[in-house]
Each structure stands twice: as C-alpha cells, then as structure tokens.
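Letter by letter, the chains look like this.
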Amino acid sequence: MTLLCGEIHYFRVPKHLWRDRLLKLKRAGGNCVSTYIPWNWHGPREKVVDFTDGTSQWHVASYYSRDLASFLELAGELGLRVIARPGPYICSEWDSGGHPNWIYTKAMRLRSLDPGYFKHVVEWYNSVLNILKPYVEREIVIGIQVENEYFWGNEKYIEKLAEIVEEKLPGVLVFTNEDPYLTRIPNTIDLYPSPWDMRQFDDRLRSYLSSQPGLFKMIMELEGGWFKSSRYGYYPTNRLSIPPEWTEILLKTAVGMGLNNINIYMFHGGSNPGYYTAKYLASSYDFEACIREWGELSERYYRVKRVFTFLNGFQELVTSLKPGETVKTASTCSELLQRVGDHGKIAVLRNTGDNLCYQRLINRGEIIPMWTPIRVPPRYAKIVLLDLVVEGTPFKLVYTSGEALLMKRLGDTVVMIIYGDHGEYTETAVEVEGGVLDVDIQGDVLIRREGERAYLVVNHTHGEHLAIVKSTRGQNLLLIFTCRCRAEKTWIVDEDLVLISNIYYIGDSRIDGGKVVINAELDEDSCGRLLVVTSREIEAISLEDLDLDLTRLSKYVYATHIPLSMCRSGKNTYHPLEYRLLEDPVFHTLTSINPSSPLEKNGFYENGIYVYRLRLHLDKKQLGDLLDRHLALIGFSDYAVVSINNEYAGSGYHYIEMSADSLREGVNEVTVILESTGHPNDGLLYVPNGIYGGVYLGRVGEIRLYKWRKTGFEISYGPGFDLAEFIANPEPVIKALQEQRSSTGETYSVGSPGLYITEFKVDDLSRHYVLDPGLEFYYNHYYRILLFVNKVYVGPLIGPIDITRYLKPGVNEVALLVEWGVVNPVIGVYQYKVDGEWFIQEGLHGLIEEWFRRSPRGETAEPPILLGDKAGRVIWVNTVIPYEKEPTSSSPVKLEVDFWGCRILVFVNGEFIGRISDDSPERELYVPETAVRRGLNNITLLAIVTSRSSGIRGLRLKETYVHERKEIVFKLGLT
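Numbers given for residues are sequential positions, taken from 1 along each chain in its written order. The model is predicted, so local features are restricted to residues of pLDDT at least 70 and side-chain atom pairs to those at 80 or more, both for listing and for counting; the totals for chains, interfaces and linings are taken over all residues. The basis for every side-chain value is the complete set of heavy atoms in the structure, and neither hydrogens nor water enter the calculation.

(A) Local environment of the pattern of salt bridges. One speaks of a salt bridge when a side-chain nitrogen belonging to Lys or Arg is within 4 Å of a carboxyl oxygen belonging to Asp or Glu. Under the criterion given, the structure shown has 68 salt bridges. For E46, the salt bridge is made with K106, and the minimal N-O distance between the two is 3.1 Å. You can see E46 sitting in the loop between α2 (39-42) and α3 (68-77) and its partner K106 sitting in the loop between β3 (81-85) and α4 (115-137), a full 60 residues away along the chain. Here the term buried applies to any residue with accessible area under 20% of the maximum for its type, exposed to any over 50%, and partly exposed to those in between, with areas from a 1.4 Å probe on protein chains only. A relative accessible area of 27% places E46 in the partly exposed class. Connected through salt bridges with shared partners, the residues E248, K252, E299, R303, R306, E403 and E488 form a single ionic network. Here a helix means four or more residues in a row that DSSP labels H or I, a strand means two or more in a row labelled E, and each is numbered from the N terminus.

(B) Up close: the state of the cysteines. When the sulfur atoms of two cysteines come within 2.5 Å, that pair is taken as a disulfide. Scanning all chains against the criterion turns up three disulfides. Note that C5 is cross-linked by a disulfide to C32, the S-S spacing being 2.2 Å. One quick way to see it: the torsion about the S-S bond of C5 and C32 is about 90°, and its sign makes the bridge right-handed. Residue C5 is found in strand β1 (residues 4-8), and its partner C32 is found in strand β2 (residues 32-36); the two are separated by 27 residues along the sequence. When its relative accessible area of 0% is taken as the criterion, C5 is described as buried. Through a disulfide, C527 is tied to C567; the S-S separation comes to 1.8 Å. Around the S-S axis, the bridge from C527 to C567 shows a dihedral of about 110° and counts as right-handed. Of the two residues, C527 sits in the loop between β30 (515-522) and β31 (528-533) while C567 sits in the loop between β35 (557-562) and β36 (573-574), which places them 40 residues apart along the sequence. The buried category is assigned to C567, whose relative accessible area is 9%.

(C) Looking closely at the sheet that holds strand β34 (residues 551-554). By definition, two strands form a pair when at least two bridges between them are found by DSSP. Spatially, five strands are ordered β27-β28-β31-β35-β34 in an open sheet, and the strand pairing comes out antiparallel. The sheet is open, and its two borders are formed by β27 (490-494) and β34, each paired with just one other strand. Strand-to-strand twist of the sheet, defined as the mean angle between neighbouring strand axes without regard to direction, takes the value 25°. Bridge analysis of β31 against β35 gives six bridges, and the strand direction is antiparallel. Its bridge partner being in β35, V533 is matched across the sheet by V557. With axes taken as lines fitted to C-alpha atoms, and helix axes fitted only over the stretch in contact, angles between N-to-C directions fall between 0 and 180 degrees.

(D) Representation of unusual backbone geometry in the model. P195 connects to W196 through a cis peptide bond whose omega is -5°. Locating W196 in the fold gives a position in the loop between β6 (187-191) and α6 (198-209). Note that the residue after Y265, namely M266, is joined by a cis bond; omega there is -10°. Relative to the helices and strands, M266 is located in strand β8 (residues 262-268). You will see that N645, though not glycine, has its phi angle at about 50°, which is positive.

Here you go:
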C-alpha cells in the first residue's frame, strides 16, 4: 500500500483529544500515523517503565498520557496504520532527544554499542516492543524505525537494534532514518528545504531514490512547518512562516519523482508538556502544522488533503507507475516530472516562478489539450492525468487539464471529481470503447467517433457542474467538475458517502436505524451548496431541527443548501476579576553538594527550577586585591537569577558578570534561582543541568580569538564509523595537530565543518582563563565542536569552560574541530575562583507546597503590576477568569499574558500549561479544553523577576475561533 502518513505525537496531545486529531488525519486522506515513543517519557526514573499513567510530575499536566496502547487502539479503530519510532534517540526537539536524564550517570558514549549504554537500550526495547507486539500481530503497527537521523554510519549499531526488533517481532518492517551507509537495513530520509530552493530538494531526492535498490523507501519527514524556540526565536517558527503552498509543491514533486510513501512532519504538533522540551524550545510545538496546536485546520491541511485524497483515490494507478520520459512540454514556463505505466500516466507540471504559466503537452505525438492550454498558477504544481484506463469499464481518460481529486465506483457508474481554480477554463478528453448512448453535460462537448470507439472532449468553467457519459455497454462515467476551494472541503465520510461542500470539517459519522448521522463543524464560510454522492437512496436531509431542500441531480448525486443562518463567526475575550500577589520565600529544604557538580551527578534528574545557596568565604586581602568589583557565575544550564547577600545582582544565560559591591569580608551568601529548561536534543553530548562551572572574582580582561587557520582535516564517516567513540577519543585530530598539517587558508569566523587553529599569549598563570564559545554558539541546538588546547583534548565544547590547567607561559594553541555549530570564542581572565559551601533545593518553596493547586490569597493589586523592586525574587500572581463556553460550539482558548522583565510559569486550574519569558517570541499559551471549565477558572502565574524593570500589565483568556457543531442527518429510503 501507499503510506500517506502524518506525524502526531501522543505525548504532546491531551489524551481526550487523541481521537479528534487522528480522525482529522483520516479525513484528510491519511492512512497512517507516525509517532515517536520517547524513552524518557516512559522511563523518567531508573528501573521505572510506565506505559500507563502511574507517573506523576508536577510540571506535567494530568491530561497528558503515557498510555501508548490506548493510542494504538484508537488508530486501529479508525483504520489507520501506525509507524512506531522508539529511538532510543528520537530528536523531535525533545529533552535529550528522548534519553532519560539518569542515563548520564551510567554512560557517556550514547547512541553506540558501548556496553554501559547499550544494556539499558536493550531493556528499553524489550519493554516497548512488548507493548507493540499485539498491534504488530493485528497489522496496526506496520513499521518500526530504529534510531533516528544517524548521519554518520556505524552499521553494526543499527544492525544490532534491528536484530532486537526482528527477533521480538518477526515479519514487521524495520528501517532506520538518515544513515546513508547501510546495506541491509532500509534507510529513510528527512527533507526540510528552504522555500523556494527546489534544486536542493530535487537533488537530494534523486540521490535517495537511486540508493539501496529494491529496499523500502520513504520520506520519513517531509517539511510540514517548523518549530519555534523560547529564546532567539521568530514567529510563527524559527524560520519565519513556511508557506502552505510550499508543502503542496514538495508533496507533488515527491510523487512526480516516483516516491509513494510520505510522512508529513508535523501533521499536528501539539504542545510540549512541562519541562520535556529540548533546550530553548517553547512550550508550544504548533509547528505551523496542518492541524494547529489548538486543533484548527490550517490552509496547509486542506492543501495536503487534496493531494492525499488524490493518492488514495488513484492508489492502484499511482503504485503501478514508474518515472519515465514519454511526455514532453511545448514550452519552458513549467518543469515536467512524470510517471508512466501500462494503465496511465501522471505529469506533474511545476511552476516555481512568480508568473502564470500556460502549458501544452506532447503525448503520443499529439499536442494536448486540443483547445485551451493547461493553466499552472505561480508557485504551484499541477498533477495532470493522462491515458488513464478505468479497469473493467469501456472508459479511458485521455487527459484533463484540471486536477483529478478522486475516483469511486458506485453500481454501474464510475464517479470522478475534477477541480480547478474558480472560473478556470479546463478541458477533459475521454475515450469510450463501444460508443456512447448519451451525454448529459453543462458546457461544450465535441464527440468524434472512430470505429468502435467514441472520443469526447468536454470544455468546462470551474464553478460546479456534472457531465454524465452513458456507454453502449451499460456503464456510465460521471464527471463532477468543481473548484479547488470545494475540492478542499470534499469529505469522504465512508466508502459510499462523499460530500462536496464548503463545510469546514466533517467529524464522526454513524448509522442510526434508517439514518446516516454525521457531525459537522461549521465556520462562517461553510454555508452554501452541498452535493451528496452516494449509492444510497436518500429521502430527506436535515441539519439539526431544520429540514433542508433536496434535489436529485442524477442517480447517485443529490444537492441541498446549508442556509447562512447556520454559519456564524465571532469570538469572545474574558478578563480577570481581580489580581492577588504573594511572595515566595524560595527556600524550603536544602541539600549540601560538592561545588560545580551537575544536577544529574547529585541524583536530580528532573528539568525545571532549582535554588542554590552558595556560602563564599572572603578574607580582607582577597577583597582588597580585587582589580574590579565584579563577580562572574560561569558555566550553568540554562538561565539564572543571582542575588548577593539578599541584593539582586544580575540574570542571564550560561555566563553572568555582575557588580559585586555588596560583597563583604567573611561569609557571603549568593542565591541562584536557576531554570534548567532541558538538554539539547542532539542525543550525543552530555550538557549538564545546573551549575557545572563556578564563581570567579576580579575580571582582569578578555582575549578575543578571531584569526584562525583552517586545515584540510575531514571526519571519516562511513559504515564502520562511531561518532560517539570519536568524540570520546578523537585520536585522528590529535595526530593531525601533531603533524602540523598545512593551512587551507585564514578565516575570521568558525562555522563550517573543519579543524580551526589559533594562538594567544599568556603572561600570568596565576589568573583563571575561561573560554566562552560566544553568543552565536547558543543559537544552535546541535553543537558538536571539540576543543583542544596545546594539542591536548579538553572535551566537547558545551558552554563556558575553564582552560587554565591546560595552559603554559607564553604562546598557547587553541584548536576547534567543528562537526556542527558556530563559535566566536572569547577568553575571560579573572583573579580568583571561589568555591565555598554549596547547597541546592529542587523547586521553589511554593512549588514544593503546590501553591498552584490551592492558590494562597495574597494581597490585592491593580494592573499594571510593577515588580521592579522585587528583582531577584519570586512572585505568585493569582486571579480568576469567568468563561462561558457554549456547549454546542468548538471554541479553543488561549491565555495571553502581557508582561516584561520576568520568566513566567502558567497554571490553569492547577494544571501547568507552559512557560513564557522575555526573550520568547510568544506571549500566549494554548489552554486545552480539558483544563478550562465553564464558569470560574483559577489562573496562577509564577513570576521569577529577572530585572529591575519588570511588571505584568494583565492577562486575558481569548477564543481562537468559534464554530458551530451540528448534526447532518440523511434519512434513507428503501433501495
């Protein structure tokens, strides 16, 4: 079968919405759902594997679920196949790429056959494969992807993962993703080209199609949008907006080049629960996807739906066709991709330019269309059917300059829906073996008889009309011509019921006695003509309590009209009744730890908020010798707010220099409120949570590393290459440094892959030298850069690092091997490093006491609420918002917060909804329907005040849209 998949992650969607999202995929023509299965979601703690809902975490709302079996069961009930992707690495902009945080205390060579790592992978696979097994046996789960985006080789590792699956689940399709060095295991690819660069896409896809002859092929991730960050991000995605027409043209191009199996990533992105995001990722994983985070159907949805519906309706033809070159274009205004076979052809005309293209084709020596050329809009691809033999009938579709949507057989009639832009003039030619008895058409028709055959050319302007061709052999061809906008709102309810409409969405349907009942969601554009294509006898149609007029247009087509009164627009906004403020005392129960030791090494495996108390002992000489009164907190993940002796000092990411005027002789207390937002989703490097660096005093100056020599060193990727082992022991790089290979040139930037070398001079080794990668480094979530000082391997560059012990008096050499990432290094020079006594606490006092559930009252306040005098402290803001949801409507809501100078955690009715911050591109969060209730809603904000200029102007609950939910009832007659 052709796999038309959409990526939907059960762990990012509230459980009560699983069915809605899966049904929307099915209604779009999808026949398959793909999902990652994150190891850390099911195994957040060692020896705990939870596929129920037995794990409780304060930052994970109760409506999220780990019940994988129920998700698979739902997919099966809806007739969807499932591709399961259990990692162990998944990427997915997810914390550690799916690795549980406790694994960092067990192994450092991740994503490899290293025994300390792989034994835990085997345990994970055994657990998850036991859940998948019954669904593989029932052919609901039809494919399992091992690993993910493994670009560099290591065939033994991939083979071993595949063997575990094959032994446990014999017969299931096993494949991997983005490893081009394999022989036996099928490889799939991801394609995320930049609009409108088709060359990159075409070249990559052609190369892939020529690889691994005879093995399963699939685009496992076809660009269906993009994610957004909580830092440095843009809106609506980190790559701005990904045009929906771009997704359509990529999808049609893939079909035209010969690929049948495609997964749209993401089809529905959903939300990131709690602190399971990868580093710097927003709570929203909307992805600008086909189905938006809040459930709305986007323009991308309807475009993908048209293509998926075509591929489903003509699946037998499409799977039989191979790339060929039998058709030519008459002009160069569009590109041509084609697939040919014994029973038909597909020509994909692609116009990536900005001008309208009119094109003709040369097929079997004839120029077509006969009268009017094919219209290809700018930045559009049109699929043209040629020489389609309708098996078991006398009909052959010679060509149509419109686009075919679907083909169905109803009794003695073949129904074909063809669409074009509204008002577009198109032409369709049909051959009829044995001749024609009658033609009933609205439009022009030319009939030419050639012996035992009749040749018809139908011209039509796309609004909506029918053409019925009756053959002498007792079979009929019903052509329904409609416009593109109504093709997008054509809903296949079941095998014998198709609605051509303006209806926003058709959901569930059921047979109720002598009636067919369907649930419709109506927006302001849903009213107007409704065509019903069915072999059932329909006596009447009603919409709720309103009987609709019914006209029979042909044996299998009925028409009715949805009145304007049933379709409405408008959305409401709801405001708080009052605000109350309460300051968090912060401290609850502290635990002593070793200075500069990461959270994971101290048994703290949760991401989130931690509080440090550092007791620093300073004598009079140290204070007196300081060249400047500055303290630096260097090397931590990710964001810290620092107070010195109860006075706010500063805030920032990774590396903060701040005034230390409040330091005094004797004991000083430094309080650090730190938010660890998640690990990079690279899955290879361990980037610790917490403070892994230290505290420095007295900034002497800085050394900028800006002039580099680049050598010709290249990493030897291939079937036997293990990147994890290479990162742990980069002996080839050390050898290259010792050989002093010749430079390929000088550069002032370090970004593209390669080995970069520079030098700097050290005069005083009593100082402390801290290398910081520079701001650009933190823009990338996948940094893989190895640091060498004086030909000694320091380790992967993960953030600021003290390199003092690697230095010598005089000239020192720094080398960077860039596999991926950008750096602009600066070395900060300090007088002292101060350790002292370190204490830590997981969570704030109010979080530990769960103030977000019981909402302590506090003092009343009026917006704007100014918090500048609370810098370095934590303020809880509580309010109540009344919400009057109409029970018969669909009206998802978002909470919008207007603030500055804060990092905010948002709770609604005791559930953690998400987090927002000053440097985030978003100021609103989707509130799932199960979290908000009709009546009064408790809203709680936990505000970490990060600046002396900070405050909250207010918040509001707003509906994203309001649609009417109505039942359409078809009363059936006797057949």
